[in-house]
Amino acid sequence: MLVISMSEFASNPSAYENKPFFGLEVNGKRWIVRPARKNFFARLFAKRKPQFTDEFIDAINEAEELERNPNTKRYTDMDQMWADLDK
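Let me sum up the structure you'll find in this document.

Conventions adopted
- Residues numbered from 1 in each chain as written.
- Predicted model: local features only at pLDDT ≥ 70, side-chain atom pairs only at ≥ 80, totals over all residues.
- Heavy atoms only, no water.
- Helix = DSSP H or I, 4+ residues; strand = E, 2+ residues; numbered from the N terminus.
- Buried < 20%, exposed > 50% of the residue type's maximum accessible area, 1.4 Å probe, protein only.
- Contact = heavy atoms within 4.5 Å.
- Phe/Tyr/Trp six-rings, centres within 6.5 Å; stacked < 30°, edge-to-face > 60°.
- Salt bridge = Lys/Arg side-chain N within 4 Å of Asp/Glu carboxyl O.
- Patch = residues over 30% accessible without salt bridge, like charges linked within 9 Å, V, L, I, M, F, W, Y side chains within 5 Å.
- Areas by Shrake-Rupley, 256 points an atom, 1.4 Å probe, with all protein chains shown as cover.
- Lys, Arg positive; Asp, Glu negative; His and termini not counted.
- Charge placed at Lys NZ, Arg CZ, Asp CG, Glu CD.

For the protein chain, the count of helices and strands is 4 helices and 3 strands. Its helices and strands in sequence order give the protein chain the pattern β-α-β-β-α-α-α, from N to C terminus. Looking at the protein chain as a whole, 14% of its 87 residues qualify as buried. In the protein chain, 12% of the contacts between residues at least 6 apart in sequence involve partners at least 24 apart.

So this is what it looks like as structure tokens:
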């Protein structure tokens with residue numbers, strides 16, 4: 001059986017995608033790996049952009065808008081902030 005290190009695999013995952021079984025060594029432990037389908041490991045290690053929900057993006061935009069507004073009340077004391085929120 002072919003046994004490779006994690007760093008060797010990460011540098012060239014496509015070289016191992018058509019192997020039915022191979023061993024992967026991670027932190028000194030060996031694992032038998034059977035890729036489920038073509039490009040499984042290439043997709044696993046692919047660099048992707050994070051995808052945020054519209055609600056999350058709206059919250060970020062609202063926070064940035066509040067930050068730009070000079071009339072927004074600012075706090076240095078958390079107790080005062082909570083007291084104002086409870087009003």
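Read on, since the account is not over.
For the rest of this paragraph, the subject is the packing of aromatic side chains. In this description, an aromatic ring pair is defined by two values, namely the gap between the centres and the angle between the planes. With the rule as written, the count across this model stands at 1 aromatic pair. A centroid spacing of 4.9 Å and a plane angle of 25° characterise the contact between Phe-52 and Phe-56, whose relative ring orientation is stacked. A residue is classified by how much of its surface remains accessible, and Phe-56, at 40% relative accessible area, is partly exposed.

Considering all chains together, one arrives at 2 salt bridges under this definition. A salt bridge links Asp-84 to Lys-73; the nearest nitrogen and oxygen atoms lie 3.0 Å apart. Of the two residues, Asp-84 is situated in helix 4 (residues 78–86) and Lys-73 in the loop between helix 3 (54–68) and helix 4; the sequence distance between them amounts to 11 residues. Assessed through its relative accessible area of 16%, Asp-84 is described here as buried. For Lys-73, a relative accessible area of 53% puts it in the exposed group. For Asp-84, the salt bridge goes to Lys-87, with nearest N and O atoms at 3.2 Å. Lys-87 gets classed as exposed once you look at its relative accessible area, which sits at 79%.

This part covers a negative patch on the surface. A cluster of acidic side chains, namely Asp-54, Glu-55, Asp-58, Glu-62 and Glu-65, defines a negative patch on the protein surface. Here Glu-65 lies in helix 3. A residue is classified by how much of its surface remains accessible, and Glu-65, at 55% relative accessible area, is exposed.

Take the environment of Ala-46 next. Structurally, Ala-46 can be placed in the loop between helix 2 (40–44) and helix 3. For Ala-46 and Ala-10, which are 36 residues apart along the polypeptide, the C-alpha to C-alpha distance reads 9.8 Å.

For the rest of this paragraph, the subject is a nonpolar patch on the surface. On the surface, Phe-52, Phe-56, Ile-57 and Ile-60 cluster together into a nonpolar patch covering about 360 Å² of accessible area. Relative to the elements of secondary structure, Phe-56 occurs in helix 3.

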